[in-house]
2 protein chains.
Amino acid sequence: MHSSHQARIGIIDLGSNTTRLVVLAYTPHQMYKLEDQVRERVRLSEGMGEANLLRAQPMQHTIEVLRLFRTFCEANNVPTVIATATSAVRDAVNQSSFLARVAREVGLMLRVLSGEEEAYYGYLGAINSLSFSDGILADLGGGSLELTAVRQRHLTRSVSEPLGVVRLTERFLTSDPVKPNEIAALLAHVDATLDRLDWTRSGGTLVGIGGTIRALSKVDRKRRNYPLDLAHGYTLSREALDSITEELKRLPIAQRTRIPGLADDRADVTLAGALVFQRLMERGGYKEVLICGQGLREGLFYPYLLPGIDPPLLPDVRQFSVENLARFHGYARAHSEHVRHLAWQLFDGTANLHGLGAWERELLGHAALLHDIGIEIDFYEHHLHSAYLILNSGLPGFTHRELVLIAQLARYHRKGTPSLDGYAGLLLPEDEPRLRQLASILRLAEYLERGKRQAVRGLHLHLARPWIQIEALGTGDISVELWDARRNADLFANTFNLKVELVAGAWDGQE
Amino acid sequence: MHSSHQARIGIIDLGSNTTRLVVLAYTPHQMYKLEDQVRERVRLSEGMGEANLLRAQPMQHTIEVLRLFRTFCEANNVPTVIATATSAVRDAVNQSSFLARVAREVGLMLRVLSGEEEAYYGYLGAINSLSFSDGILADLGGGSLELTAVRQRHLTRSVSEPLGVVRLTERFLTSDPVKPNEIAALLAHVDATLDRLDWTRSGGTLVGIGGTIRALSKVDRKRRNYPLDLAHGYTLSREALDSITEELKRLPIAQRTRIPGLADDRADVTLAGALVFQRLMERGGYKEVLICGQGLREGLFYPYLLPGIDPPLLPDVRQFSVENLARFHGYARAHSEHVRHLAWQLFDGTANLHGLGAWERELLGHAALLHDIGIEIDFYEHHLHSAYLILNSGLPGFTHRELVLIAQLARYHRKGTPSLDGYAGLLLPEDEPRLRQLASILRLAEYLERGKRQAVRGLHLHLARPWIQIEALGTGDISVELWDARRNADLFANTFNLKVELVAGAWDGQE
């Protein structure tokens, strides 16, 4: 869906390892969508060394790439372009010369972010795309590591340290394969920094940001044959990180490129990043790290998405994700919200039967809003398409387990026997009855709103084992709804082991 | 994408076995899309027997269902509703009483189609969704079989015979499991009719329409573990039909429902349909039947989609399918058409290298138009989403092999090594190099249009083994295009075993 009220913005992020341009389309407070991305590994920080001097070749390469990005934005009618630079430029003794060249030769005003600003924008990316409210963010780039403490969704403290993976690799890991004493020196250096930062052990969730931790999580997903190809929201365990680290230590760089999931241009620097995360987890007592796919670039964008809100935090990440996706695929709002209304009535009215709580009720509501979005792809099998769209949107703010549960509810909202399908390794065994109960409720609600006209205003449930009478309360004709709900009540009846009587009742204007 | 210029129409098709309502949204001459479908098996013809009398219970049930359909259309603001009846009502001695009841009790004017009209609309459905131009259509319903001869896309002859599956089953196959003499009697009856119709052996393609042949094809797809769950365009072989027929003969009805792919409400009548198709194939010397997923309902719709064209035939089914899909997903027209333009230049300029012909050139062009449609789902991995959308649209007018080739070209237009993936059983071994060559061309064309601004107007190719120089002809800045094309020329270079030199050349306004 392409709205005419959309604005477009380009964000250039000149890192130590990679330079990237993203183009986003958005409607403030409503919706956003990545439209394009161009990426080039320039390794701007390469060879800076102790002198902290940007070198001629990487500078030249960077300027060429920035010129291409600028041309790209002009060609694509992107009126607003934000270009930022981080650690490499920030720390360079020849920063002003480089900035002057970029201004003159490219025509871009590069904004050099301070370490605190870099941490802040990384925090905005994470806090607006994940559901945690307390913890530590570790944003590990090529040049620097930003650590940020978050309490009740607010940034309370942050620091930027020169512990980026390119920098550490160049300084410490110069042999191939690496030698034990090189690793020991790197760890001692990291520890010396972290010793000064005891607030980074303060519990909550450890969130990992940046290309290195994403790459590590991808290697783990490949190893596990994980059913989702999705970094954002993935949980990397300490054991998995340790195991991958050992493999990286053992292999020369040329062989690391054969590790499934590890991109060639990350083969050399990923080990340093793995070691940094090992130390962070060890010292903070973290058993896992939650991967965040958003970061600095998205953080720079949120002030544009949420003008007038400072700091620009989405009030409810999960609700925004669901509505963003639903709107994008042109969902039938009145119908979907009414299915949710009826599904919640059924859920509440059968609470003693299913024993499920607020968490499942929330997921049911999200699935109700999204159940029909697949119609945009094709009416036939649209339940499958809805699930595909949900899974591939990633739904920021949800765990992978929640994401799959919502997708499977949409998958089974019309027909079929709900099951874990290919997600048994990601869901828990008890999710199967949970899914069955919720899907049976969603399906009955869907058919009670089959006419898509909100004719069944509410429900009265009368439980008298072994049967249940459901009064569909309407003010007018509800024949379509009763007919199709009766035809499709089997799953509900079987799941709750009840005979279902669906009858018309009179709506009295209340519930 | 929901255009405000869309009209909506409801089509009710009251068959002998099933009553169905479809709701279509469309823009005349441009685009159409199924929005909803409701179906109920009423078996209106049940018990008509030799007396040809519609019976009380099926009439009552049908009237209730029609009332629900009418209510559904009203509730969903469908201003135009066409309701038609076929064989059961056409042949009923109490037709006028039934029509009067429908008018009075439902408020619908049922249009009773003659056998010739039924054949004609089935033909419109088939001819506008398949690419054949000569052959025989066999539209087998519950009450009747329509046979139609097609020459150069035009209907030359048609007939309607009372050989529908419900009718034949009720008259001949009354035992369970069926007895050999019952089958012999059915076959003799069918042959007696076909003996009068020697024009139905006249070569070309045998096209099968209707729920029975779709059901048979589904059983075959399940048996073969066929990688596409798509009836339209599927080719059912004589051997497969024979094998399924033998199984249906052997099993009592209760056990037939366990045949994977066979819906419960078709278990009893499918054998009669299989026998009819066996006779048609045997007598006409057909080795296979091409399944058509469209039929009467879609045929009734085409006069609305194509006003002013009589008969309402799409001039080019394949081109319409591709553009319908591309438009629906809001494709970037100028960009896609320019990628096609460049891809065709590369294809033509390397004709001596690949030796491919007009067929591959056409597929390449379609893939170029559709390569980016997956961006609507998500930018990341949008090549995968494009393939998903193509496969799930079914692209009427293409064979399954062509459909998969187009999808795989979109799949590999950005990255990855083109392969048959899960479609080895559907594609041919020689499709792997074909796919590789075409994908390498499409990818190079895509990156030569990376700025999405048609900056590279044309190409000059200079082949001088072991290298090829490609001049990108522009009038302005083509830096983005040269840069990204150079980064992504590997597949082309490796496929054609050439070193690739990409250089800027001056556009002189011609090609």
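Please refer to the structure placed before this passage.
Computed from a prediction, not measured in an experiment: that's the story for all the values here. Throughout, a residue's number is its position along its own chain's written sequence, starting from 1. Here every chain gets a letter starting at A, and every ligand a number starting at 1, in the order they are written. Note on the predicted model: pLDDT of at least 70 is required for a residue's local features to be given, and 80 or more for side-chain atom pairs to be given and counted; whole-chain, interface and lining totals, by contrast, use all residues. Hydrogen atoms and water are omitted, and side-chain values are computed over all heavy atoms in the structure.

(A) View of the interface of chain B and chain A. The interface is formed by 42 residues belonging to chain B together with 41 residues belonging to chain A. For the pair chain B and chain A, the summed buried area comes to about 3,800 Å², and 55% of that belongs to carbon and sulfur atoms. The largest per-residue losses of area from chain B upon contact with chain A belong to B:L68, B:Y388 and B:W483, which jointly make up 15% of the total buried on that side. The term salt bridge refers to a pairing of a side-chain nitrogen on Lys or Arg with a carboxyl oxygen on Asp or Glu at a separation within 4 Å. Put simply, chain B and chain A have 6 salt bridges between them. Among the salt bridges present, the one from A:E40 reaches B:R487, with a minimum N-O distance of 2.4 Å. N or O atoms within 3.5 Å of each other form a polar contact, as long as, within protein, one can give a hydrogen and the other can take it, and as long as residues adjacent in sequence are counted only when both atoms are side-chain atoms. Inspection of the chain B/chain A interface yields 18 residue pairs in polar contact (both at pLDDT 80 or more). Helix and strand definitions here come from DSSP, where helices need a minimum of 4 consecutive H or I residues and strands a minimum of 2 consecutive E residues; each element is numbered from the N-terminal end. Going through the elements one at a time, strand 3 (31-41), helix 1 (56-75), helix 16 (382-393) and helix 19 (479-487) of chain B are the ones with two or more residues in the side of chain B that touches chain A. In terms of residues, the side of chain B that touches chain A owes the most to one element, strand 3 of chain B, which gives 8 residues. By residue class, the composition of the side of chain B that touches chain A is 17 nonpolar, 10 polar and 15 charged. Any two residues having at least one pair of non-hydrogen atoms within 4.5 Å are treated as being in contact. By buried area we mean the combined loss of accessible area, with a 1.4 Å probe, across both parts when two parts are placed together. Ten residues, namely Ala, Val, Leu, Ile, Met, Phe, Trp, Tyr, Cys and Pro, are considered nonpolar, four, namely Asp, Glu, Lys and Arg, are considered charged, and the remaining ones, Gly among them, are considered polar.

(B) Broad picture of the side chain of B:R20. Locating B:R20 in the fold gives a position in strand 2 (residues 18-27). When near neighbours in sequence (up to four residues on either side) are disregarded, B:R20 contacts B:I11, B:I12, B:D13, B:Q37, B:V38, B:R39, B:F69, B:R214, B:R266 and B:R297.

(C) Here's a closer look at the sheet that holds strand 4 (residues 80-85) of chain B. Residues and elements named next belong to chain B. Each pair of strands is called paired provided DSSP finds at least two bridges between the two strands. Within the open sheet, the 5 strands sit side by side as 3-2-1-4-5. Their pairing is mixed. Where the open sheet ends on each side, the last strands, each with one partner, are strand 3 and strand 5 (111-112). Two strands pair when backbone bridges link them, and strand 2 and strand 3 are joined in this way by 10 bridges, in the antiparallel orientation. Its bridge partner being in strand 3, A25 is matched across the sheet by K33. The angle between two axes is taken between their N-to-C directions and runs from 0 to 180 degrees, where each axis is a line fitted to C-alpha atoms and a helix contributes only its stretch in contact. Across the sheet, helix 1 is in contact with strand 1 (7-14), strand 2, strand 3 and strand 4; its angle to strand 2 comes to roughly 20 degrees.

(D) Expanded view of the sheet that holds strand 11 (residues 288-292) of chain A. Residues and elements named next belong to chain A. Spatially, 6 strands are ordered 8-7-6-9-11-10 in an open sheet, and the strand pairing comes out mixed. Looking at strand neighbours, the two that pair on one side only are strand 8 (154-161) and strand 10 (235-237), the edges of this open sheet. For this sheet, the mean inter-axis angle between neighbouring strands, taken without regard to orientation, is 25 degrees. Bridge analysis of strand 9 (residues 205-209) against strand 11 gives 3 bridges, and the strand direction is parallel. Bridge pairing in strand 11 links V207 to L290. Contacting strand 6 (135-140), strand 7 (145-151), strand 8, strand 9 and strand 11, helix 4 (residues 115-127) runs over the sheet at an angle of about 55 degrees to strand 7.

(E) Examining the relation of the copies chain B and chain A more closely. The copies were overlaid by least squares, fitting only the C-alpha atoms of residues that reach a pLDDT of 70 or more in each copy. Once turned by 180 degrees and shifted 0.0 Å along the axis, chain B lies on chain A with an RMSD of 0.0 Å. Look at the turn and shift together and you get a two-fold axis relating the two. A symmetric contact is evident, with 98% of the interface residues of chain B recurring at the interface of chain A.

(F) Summary view of unusual backbone geometry. In this structure, A:P466 follows A:R465 across a cis peptide bond, with omega equal to 10 degrees. Structurally, A:P466 is set in the loop between strand 12 (456-464) and strand 13 (467-474). A cis amide bond links B:D310 with the next residue in sequence, B:P311, at an omega value of -5 degrees. You will see that B:N52, though not glycine, has its phi angle at about 55 degrees, which is positive.

(G) How the structure looks around the environment of A:R221. All names here are of chain A. Tracing the chain through its elements places R221 in helix 7 (residues 211-224). Under the relative-accessibility criterion, R221 is labelled buried at 6%. Taking C-alpha positions, R221 is 9.9 Å from T235, a pair spaced 14 residues apart along the chain. If we skip the residues at most four places from it in the chain, R221 touches Y226, L228, D229, L230, A231 and Y234. For every residue, the accessible area obtained with a 1.4 Å probe (protein chains only) is divided by the maximum for its type, and the residue is called buried under 20%, exposed over 50%, and partly exposed between those limits.

(H) Region of interest: helix 13 (residues 333-349) of chain A. Residues and elements named next belong to chain A. Residue count minus one, scaled by 1.5 Å, sets the expected span of a helix. Over its 17 residues, helix 13 extends 24 Å from the first C-alpha to the last, a length consistent with the 24 Å expected when each residue adds 1.5 Å. Where helix 13 is concerned, the buried positions are H335, S336, H338, V339, R340, L342, A343, Q345, L346 and F347. In the core, the buried residues of helix 13 are packed alongside helix 12 (317-328), helix 14 (351-354), helix 15 (358-370), helix 18 (431-447), strand 12 and strand 13.

(I) Just the side chain of A:N128, in detail. Residue and element names in this part refer to chain A. Within the element layout of this structure, N128 appears in the loop between helix 4 and strand 6. Accessibility expressed as a relative area gives 1% for N128, which makes it buried. Of note is the side chain of N128, whose polar atom sits 3.1 Å from the backbone oxygen of L124. Side-chain polar atoms of N128 contact the backbone oxygen of P312, separated by 2.9 Å. Sequence-distant contacts of N128, defined by excluding residues within four places in its chain, comprise R153, Y302, P312, L313, L314 and V317.

(J) Structural detail: the nonpolar core. Core analysis: the largest hydrophobic core is formed by 224 residues, its most contacted members being A:L147, A:I390, B:L147 and B:I390. In contact with B:I390, not counting residues within four places along its chain, are B:L325, B:L370, B:I373, B:L395, B:L403, B:I406, B:A407 and B:A410. Note on terminology: a nonpolar core comprises buried Ala, Val, Leu, Ile, Met, Phe, Trp, Tyr and Cys residues joined through side-chain atoms within 4.5 Å.

(K) View of the pairing of strand 4 (residues 80-85) of chain A. Residues and elements named next belong to chain A. Pairing geometry for strand 1 (residues 7-14) and strand 4, over 6 bridges, is parallel. The residue bridging I11 from the neighbouring strand is I82, located in strand 4. Taken together, the 2 bridges between strand 4 and strand 5 (residues 111-112) define a ladder with parallel strand orientation. Note on strand 5: the bridge partner recorded for T84 is R111.

(L) Region of the structure containing the packing of helix 6 (residues 180-195) of chain B against helix 10 (residues 270-284) of chain B. Residue and element names in this part refer to chain B. The N-to-C vectors of helix 6 and helix 10 enclose an angle of 45 degrees; their axes lie 10 Å apart at closest approach. Between helix 6 and helix 10, the angle is such that the two are oblique. Note that helix 6 runs across helix 10; the crossing there is right-handed. Facing helix 6, whose interface residues are I183, L186, L187, V190, D191, L194 and D195, helix 10 presents A272, L275, V276, R279, L280 and R283. Here the word oblique covers every angle except those under 35 degrees (roughly parallel), over 145 (roughly antiparallel) and from 65 to 115 (roughly perpendicular). Should the near helix be turned counterclockwise from the far one by less than a right angle, the crossing is left-handed, whereas a clockwise turn marks it as right-handed.

(M) How the structure looks around the packing of helix 4 (residues 115-127) of chain B against helix 11 (residues 296-305) of chain B. Residue and element names in this part refer to chain B. For the pair helix 4 and helix 11, interaxial distance at closest approach is 7 Å and the crossing angle is 80 degrees. In terms of their interaxial angle, helix 4 and helix 11 are classed as roughly perpendicular. Along its contact with helix 4, which presents E118, Y121, G122, L124 and G125, the element helix 11 presents L296, G299, L300, Y302 and P303.

(N) Summary view of the pattern of salt bridges. Under the counting rule described, the total for this entry stands at 70 salt bridges over all chains. Across the salt bridge formed by A:R104 and A:E105, the nearest N and O atoms sit 3.6 Å from each other. Salt-bridge contacts for B:E74 lead to B:R70; the nearest nitrogen and oxygen are separated by 2.7 Å. With a gap of 4 residues between them, B:E74 and B:R70 both fall in helix 1, about one helical turn apart. In this structure B:R70 comes out as partly exposed when scored by relative accessible area, which is 31%. Via salt bridges that share partners, A:D36, A:E40, B:R450, B:K452, B:D484 and B:R487 belong to a single interconnected network.

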